[in-house]
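Summary of the model geometry
So the chains spell out like this:
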Amino acid sequence: MSKDVPPSINEKAFLLSALISRQRLDSRSPHDIRTTRILLGPQPGHAEVRLGKTRVTANVSCEIVRPRANAPTEGALLFTTDFSPMASPAFGDGPGGGGGSGGDEILIARVLERALRGSRAVDTEGLCIVAGEKVWQIKVDVRVIDHEGNIVDCACIAAVAALMHFKRPDVTVLGEDVTIHSTSERNPIPLTLHHVPICVTFAFFNQGMLQVVDPNLLEEQCAEGDMTFVVNRHGDVCTLSKAGGVAVEAGQVIHCARIAAAKAEEVTDMIKAALEKAAVKEPKVAIV
Amino acid sequence: MAARLEIVSPEGLRVDGRRPAEVRRVLTRTGVLSQADGSAYIEQGNTKCLAAVYGPREPVKRAGVLHDRATINVEYNVSSFSSGERRAKLRRDRKLLEIGLMIKQTFETVVATTSFPRSEIDIYLQILQTDGGAVHTAINAATLALIDAGIPMTDYVCACSAGFVNDQAILDLNFLEESADVPTLTVALLPKSGKISMLGLESRLHIDKLEPVIALASDGCMQMKDTLDEAIRISTRNLAKTVLH
Amino acid sequence: MLKNKAFVRKTKRGTVIKVVKEHYLRDDIYCEVATCTKCPSSLNAVTTPSTTKLVPSPHHIVPDTNVLYHQIDVLEHAAFTDVIILQTVLQELKHRSNAVYARARTMISDPKRRFIVFCNEHHRDTYVERRADESPNDRNDRAIRTAVAWYNMHLDGKPQAVLITDDADNRRKAEVDKIPAYSTQQYVASMQGHPDLVDMIAAVEDSNIAAEERFAYPEHLSNSQIAAGIRSGAFFQGKLSISQNNYLEGSVFAQVDKEERTVMIIGRKDLNRGIHGDIVALQMLPESQWKRPVGVILEEEQIEGQKDEDEEEKAEESKMDVENGAANETVPTAKIVGIIKRNWRPFCGTIEKASVSSAASGLTSQQSVFFWAMDKKIPKIRIRTRQAENLVGRRIIVAIDGWVRNSLFPSGHFVRTLGEVGDRATETEVVLLEHDVPFAPFSSSVLSFLPAEGEDWIVQPEHLAGRIDFRHLDVCSIDPPGCTDIDDALHCRQLPNGNLEVGVHIADVSHFVKPENAMDMEARRRGTTVYLVNKRIDMLPSLLGTNLCSLRSNVDRLAFSCIWEMKPDATVVNVKYTKSVIRSKASLTYDEAQMRLDDSKLNDPVTQGIKALNQLAKKLRANRMEAGALTLASPEVRFKLEEDQQDPVDVELKELKDTNALVEEFMLLANIWVAKKVYEAFPESSMLRRHPKPPAANFESLQKAVGELGITLDVTTSRALADSLNNATTTDPYINKLIRILTTRCMMQAVYFCSGTVPESDFWHYGLATNIYTHFTSPIRRYSDLVVHRLLSVAIGYEKAYTSDLVSKEKLSELSDVLNYRHRMAQQASRSSVELFTNMFFKEKLLQEDAYVIRVLKNGFSVLIPRYGIEGYVYASLNDSKDSSEPSPFVYDGEKNRLIAGTVEIKLFAKCSVCVFVEEAGGAARRSKLVVRLCEPWVPGVSVRLDDIRVAREQDQLEEKSGKVVKKAKRV
């Protein structure tokens, strides 16, 4: 929760009373997410996502490295996040420990890591070229351009969409010779994603009795606590993170989990639709 | 043909002989450090954690001062000798920073910070030995240390971890069980209201299985609360004895 | 109570760490004996103590680890119930062998057997700590003894607990502690009512079998040693090829003592980690060790199921009973001493289900599983993966990393998943991958060389330069129905002088595909268009193949023409080759053309042309037959797919009509004449095609077999062979076809070659009986034709400039080799695709059909089923030769090459009746198998009745559906 200028008491009270009567200030219902627009860039692996007014871009690149010693047949996945100061006055230069924006940056980066690497969404075993010597390392750069609340969800959608859009160069291995083909020689290959993890954040109000999905900036600042779920459409909870804030009952957690699962399906469909649209626009390659 | 580790044997016993819903042995001591305002040492199985609390005191960083309440800072450290292999410690290891932040936000709602505006409460957590469940042990240690420091809190914060394997939920996982890729859920509870203050899940778990795991973890937290409560009462009684005589 | 277990361990990476584990001791572990009053009753208690002559008082036995491991078969016998298994014993067993552990668990979970597990490790009274200087084994033995003693104390001897251990030392110590202990032999011998059990006891030495005596291959020699050996002549090198039918038999075609011979390598040790396709260095074995080729069909899958690698080895040896002596001669045999070049490629296949252990839900840590490649010549590969559970039942690709000495199998890593087993698209992809067919979509650089106008390309006036305008001629094309890539068109008209002008026009692909550009390189890489049952992988982008190059009707197209002036008796007066522009008047199918031929009323120019062509074609054919051309047969069938091209509905045999022959004759004519022209212009560097004469030895077994039917095959010349085939008639007309089919198999492969590399006498094409031949008429689907087009266009002076590569002997020779390879692969891919669809067609069916025996081996015989044109293998023993415990009723007569069972003789050309069905790809099987069983003639022990099979299959399906099937692990 970034606090640059905390909202006034009047604003907080107004927000709370509106929520108690199940109204949100931007006329959404409590479980609605804002309009999502996913734009997949001309290069493979570039995605820009707008969740309401929050804007996050993600870019995926790859290179060949030596694998780690304890996992010689697996590729690597790296995440970096950048909270550009133009996104919000709260983002200063350089991260810091403790409260404020630095903390947020770390939390969000960790959620992304856990959601995509920890849940094994990306098939790292298929990134192996020569066991013990050469594997692909996939690097995901996430950049926050505009902060209007709920950067976590937006960043996650951007990262997932970018990974699904990305294509790596084709490699042929014969005996011990490795040839890497350029994209004009052979069509590049997309990454294999076992499942699509989607992040859904809830904000709590009124001693934890009310929860809303996808809080905007004001709601984030006034919330008493928040909880982030990363679910996929099969109902697997990949990560669950509630970092303090007001305490809630176990039953509520389960309830939120189910709502999150439903939302995840919606968002997954949106991403798939965006991918299809992008595929159509690409230059015609397939003939056979 | 690797020998698969059976987390829970068909006879209902885990690798170390516990049944699925049993917590490991817990040993606690408070007031172990002389300089700190409050300190505590917890051993849960083979996981050992030391907590020290300084505060409320004058803030070191002028920038983080809040005018109406105290700021809480948590530093969470894992010693390089804590696990079987020596870990090189990265100063800015993101994972440790994240855990520190989570603990901080957990305690912010429980500690009566409004009683101490413009001041700072520092909690230092050091994991001396890890055998699974380091985070929840640290939270319990922090609770004890805060109480030992005399800082008013609305409730205990009790934490426990639970996992799910072979259609069964198990409580308080040790290192072997955690490294076997068992989905682990860490839960911090406020026992008076029974509400959950912190939740952390690392691996994949299906939503239908979430409920029994949370229930079991909550149960574990209540067990921990009894232990923590017991420890506090004993130390207070000892303190009372020294004062009265 | 809490204890700590501390020990030091070496991690996978090689570092040494200290591991400290907690160990809790409990009070709530109960003895689980029903009659005990002190402990609460439990559901799974032992109830009925046993009594034997040896131990007359009621007792329960407690086996120790070695007993449980070695004598698991005895214990599985129903005579053993109410047995106490200790936790220590189970844990040790698990470390020893997963397979036996699984069997023990199955026994324990069976409520009727009443085996209970006592957790002595966590029981307060029976926990035993390791003393310093005590080995882990001794500590475990002491723990077992302590537990038994505790039982006796707890139950007051009623009933007793008796220790069964084969370790004499253990028994002695038990006696000291006053614990009743006996060896398995003693105990079992004394069991009443089960005398047969004694025989089942495996003889085992008392000492522990060291796990260290593992299998190790001989070491490979270093490169320098190999090079030195080859120079000195001690070693020789060659490309290893593993037999399709027997994965333990390999052969190398190499130069030995200045002679090219086939050398065999037999057995695992001799093969020494060589994999099919590697270049290896070999050392010849002394003649006394030369072996006879083993005449069995051996599949690695039949050995599957053995978890222990040692057991697998023993099983293999028993199958490969290599005898020296008897009928056939021994063949030079060698052993591999080193690998010169590895030629591994990624392999498609599936995971062996049996090697996947059940895991926790969600993610699992890496486990080792075994992978079967589709290609039977590749051994099992061990891979480590997290996703093992997900991968069962799917086709995946695995690449090999290496093969160390002390591992029975190579190790590899997972590359990617293709899809579900049995799914049509997946299986098609597998067929393409396994035959190294490049099928990826054409890349952007290839497509950039297509004409810019794309679909709107038309013949422009500037294209006419150097071409003759044939657009006014009545050209037509005759092709199979649904054909879109029309490479050839014909025309025929009367000339004023009474002769006929015949023209063959071929699509002018060389106009669009210029040498050395990306599209040309890609086409060269593909070599040929690959035809699968449901898919076609084009050599050229379809814009060219099906549109701009294709000689469609009613549109101007560029062509390369061959025009003959012929007398009515088909003698060629003169010939002209030229580039041209044509406009086909009609694209006909074979059927439509046939109808026009047969219809005497039609008189339009196209029909007249066809009729004239037909007459000429007949004469040409007759001439060819005179010269000795062969008409062979192949049992090819075509699948009638449903409307949406999905499931095969029916199968029909390809028929040859007059019009097929018509087109064929003129194509042959064109190919021959173009070959002559090109050779004339480029004697050193033409791309031609030859068919070597098959050596007489190839025909030996066939001649012997037909000899018995009273037929002689004269194989001296192709003419003689053709005549013999025509005279080979018996009462059964199919036999003639069968003989032709088998003759086809004796033939050599026709190959492309560069004219400068082979003497002119070797240009002979045996099958067509012509002394020079090439491929010219299908440039859309064959690269060789494109090369010939280029050569011809230079020869006629159309193309003035040409690259030196076009006429370089070395380059052409290399290219021929590549094209031959691609051609072979494409053929095999087509066949695999047909096999795939055959299996799909037979999926739910169970049919009984007539069949003819076409091959006889030691452990079975191959049959051909004419109705469907498929082949199957019938094993001589009903148990699919898995268990050779039941001997086959058949006896193999090597001299006469037949299987005899009583009065029934299975020999070549024997007619029989078989039933055919498909066995689904089980957990380990690579693909669904077509199973063929003998129905008639009736041989007890081998033949089956159709109805019996149907009933058995229905039962199997019912069982599967209700989930009652419990897989019992089988032993060798």
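Computed from a prediction, not measured in an experiment: that's the story for all the values here.

**Here's the deal with the overall build of chain A**
Across its full length, chain A holds 5 helices and 14 strands. Taken over the C-alpha trace, chain A has a radius of gyration of 20 Å; the compact-globule value for 288 residues is 19 Å, and the two agree within 12%. Principal-axis analysis of the C-alpha atoms gives chain A an extent of 70 × 40 × 40 Å. Considering only contacts in chain A between residues 6 or more positions apart, those separated by 24 or more positions represent 71%. Carbon and sulfur atoms provide 54% of the accessible area of chain A, an area that totals close to 11900 Å². Looking at charge distribution, chain A has the averaged site of its 30 positive side-chain charges lying 2 Å from that of its 35 negative ones.

**Considering the interface of chain A and chain C**
When the parts come together, some accessible area is lost, and that loss is often what is quoted as the size of the interface. Residue-level contacts link 28 residues of chain A with 27 residues of chain C. For the pair chain A and chain C, the summed buried surface comes to about 2300 Å²; carbon and sulfur atoms form 51% of the total. Our count for the chain A to chain C interface comes out at 1 residue pair in polar contact (both at pLDDT 80 or more). Going through the elements one at a time, strand S5 (128-130) and strand S8 (171-174) of chain A are the ones with two or more residues in the side of chain A that touches chain C. Split by residue class, the side of chain A that touches chain C holds 10 nonpolar, 9 polar and 9 charged.

**Examining the packing of aromatic side chains**
Residues and elements named next belong to chain C. Going through the model one piece at a time under the given rule, you end up with 11 aromatic pairs over all chains. For the ring pair phenylalanine 118 and tyrosine 151, a centre distance of 5.0 Å and an interplane angle of 70° mean the geometry is edge-to-face. Placement of the pair is phenylalanine 118 in strand S5 (residues 115-118) and tyrosine 151 in helix H5 (residues 136-155), with a sequence separation of 33 residues. For the residue pair phenylalanine 118 and tyrosine 151, the accessibility class agrees, reading buried in each case. Clustering of aromatic rings is evident, with ring pairs tying together Phe118, Trp150 and Tyr151. The side chain of arginine 96 reaches across the aromatic face of tyrosine 69, ending 4.6 Å from its centre.

**Some words on the packing of helix H18 (residues 590-598) of chain C against helix H20 (residues 658-681) of chain C**
Residues and elements named next belong to chain C. Closest axis-to-axis distance for the H18/H20 pair is 8 Å, and the angle between their directions is 100°. Classified by the interaxial angle, the pair formed by H18 and H20 is roughly perpendicular. Contact residues: Tyr590, Ala593, Gln594 and Leu597 in H18; Asp658, Thr659, Asn660 and Val663 in H20. For the contact of H18 with H20, the class distribution of residues is 4 nonpolar, 3 polar and 1 charged.

**Points about the packing of helix H22 (residues 718-727) of chain C against helix H23 (residues 733-746) of chain C**
To characterise two packed helices, one gives the angle between the axes of the helices and the distance between these axes. All names here are of chain C. Where H22 meets H23, the closest approach of the two axes is 9 Å, and the angle between their N-to-C directions is 150°. As far as their axial angle goes, H23 and H22 are roughly antiparallel. Touching Leu721, Leu725 and Asn726 of H22 are Asn736, Ile739, Arg740 and Thr743, all from H23. Its residues placed into classes, the contact of H22 with H23 shows 3 nonpolar, 3 polar and 1 charged.

**Here's the deal with the UniProt feature "domain: PIN" (unreviewed entry) in chain C**
Per the UniProt record, "domain: PIN" (unreviewed entry) is annotated on residues 59-172 of chain C. In the segment residues 59-172 of chain C, helix accounts for 51% and strand for 16%; the C-alpha atoms at its two ends are 20 Å apart.

**Looking at the pairing of strand S32 (residues 870-875) of chain C**
Residues and elements named next belong to chain C. With 5 of 6 residues buried, S32 is to be regarded as a mostly interior element. The pairing of strand S31 (residues 860-865) with S32 spans 6 bridges and is classified as antiparallel. Pairing of glycine 860 across the sheet is with tyrosine 875, part of S32. Here S31 folds back onto S32, and the loop between the two strands holds 4 residues, one of which, glycine 869, carries a positive phi near 65°.

**Some remarks on unusual backbone geometry**
Among all residues except glycine, the phi angle is most often negative; among peptide bonds, the trans geometry is most common. Note that the residue after B:Gly55, namely B:Pro56, is joined by a cis bond; omega there is -10°. Along the polypeptide, B:Pro56 turns up in strand S3 (residues 47-57). Positive phi outside glycine occurs at A:Ser27, with the angle close to 60°. Along the chain, the position of A:Ser27 falls in the loop between helix H1 (9-20) and strand S1 (36-40). For A:Ser27, a relative accessible area of 64% puts it in the exposed group. Although it is not a glycine, A:Asn150 sits at a positive phi angle of roughly 60°. Positionally, A:Asn150 belongs in the loop between strand S6 (134-146) and helix H3 (151-165). Overall, the relative accessible area of 2% leaves A:Asn150 in the buried class.

**Points about the interface of chain B and chain A**
Each partner contributes to the interface: chain B provides 32 residues, whereas chain A provides 40 residues. A combined buried area of about 3200 Å² lies between chain B and chain A, and 57% of that area is made up of carbon and sulfur atoms. Looking at the side of chain B facing chain A, the largest losses of area belong to B:Arg94, B:Arg204 and B:Ile207, adding up to 22% of the total buried there. The interface formed by chain B and chain A includes 5 salt bridges. The salt bridge involving B:Asp208 is made with A:Arg258; its shortest N-O contact spans 3.6 Å. Across the contact surface, chain B and chain A share 10 residue pairs in polar contact (both at pLDDT 80 or more). Where the side of chain B that touches chain A is concerned, the elements lending two or more residues are helix H1 (94-108), strand S8 (184-190), strand S9 (195-201), strand S10 (205-206) and helix H4 (207-244) of chain B. The element that contributes the greatest number of residues to the side of chain B that touches chain A is H1(B), accounting for 9 residues. Of the residues assigned to the side of chain B that touches chain A, the class counts are 13 nonpolar, 7 polar and 12 charged. Examined bridge by bridge, strand S14 (residues 236-242) of chain A and S9(B) share 3 bridges and lie antiparallel to one another.

**Here we look at the nonpolar core**
Core analysis: the largest hydrophobic core is formed by 140 residues, its most contacted members being A:Phe229, A:Ile271, B:Tyr76, B:Phe107 and B:Leu125. For B:Tyr76, the contacting residues outside a window of four places in its chain are B:Leu96, B:Ile99, B:Gly100, B:Ile103, B:Leu125, B:Ile127, B:Ala134, B:Val135 and B:Ala138. Formed by 80 residues, the second largest nonpolar core is a distinct cluster that contains C:Val475, C:Val504, C:Ala570 and C:Val606.

**Focus: the pattern of salt bridges**
Enumeration according to the criterion identifies 67 salt bridges over all chains in this entry. For B:Arg57, the salt bridge goes to B:Asp122, with nearest N and O atoms at 2.5 Å. Highlighted residues: B:Arg57 in strand S3 and B:Asp122 in strand S5 (residues 120-129), separated in sequence by 65 residues. Judged by its relative accessible area of 4%, B:Asp122 is buried. A salt bridge links C:Glu121 to C:Arg139; its shortest N-O distance comes to 3.2 Å. One end of the pair, C:Glu121, is in the loop between S5 and H5; the other, C:Arg139, is in helix H5, with 18 residues separating them in the sequence.

What counts, and where the lines are drawn
Residues numbered from 1 in each chain as written. Chains lettered and ligands numbered in written order. Predicted model: local features only at pLDDT ≥ 70, side-chain atom pairs only at ≥ 80, totals over all residues. Heavy atoms only, no water. Helix = DSSP H or I, 4+ residues; strand = E, 2+ residues; numbered from the N terminus. Rg over C-alpha atoms; globule rule 2.2 N^0.38 Å. Contact = heavy atoms within 4.5 Å. Areas by Shrake-Rupley, 256 points an atom, 1.4 Å probe, with all protein chains shown as cover. Lys, Arg positive; Asp, Glu negative; His and termini not counted. Charge placed at Lys NZ, Arg CZ, Asp CG, Glu CD. Buried area = accessible area lost by both parts, 1.4 Å probe. Polar contact = N/O pair within 3.5 Å; in protein donor to acceptor, adjacent residues only side chain to side chain. Nonpolar A, V, L, I, M, F, W, Y, C, P; charged D, E, K, R; others polar. Phe/Tyr/Trp six-rings, centres within 6.5 Å; stacked < 30°, edge-to-face > 60°. Buried < 20%, exposed > 50% of the residue type's maximum accessible area, 1.4 Å probe, protein only. Lys NZ or Arg CZ within 6 Å of the ring centre and 35° of its normal. Axes fitted to C-alpha atoms, helices over the stretch in contact; angles between N-to-C directions. Parallel < 35°, antiparallel > 145°, perpendicular 65-115°, else oblique. UniProt positions renumbered as here; feature names shortened; annotations may be inferred. Pairing = 2+ DSSP bridges. Salt bridge = Lys/Arg side-chain N within 4 Å of Asp/Glu carboxyl O. Core = buried A, V, L, I, M, F, W, Y, C linked by side-chain atoms within 4.5 Å.

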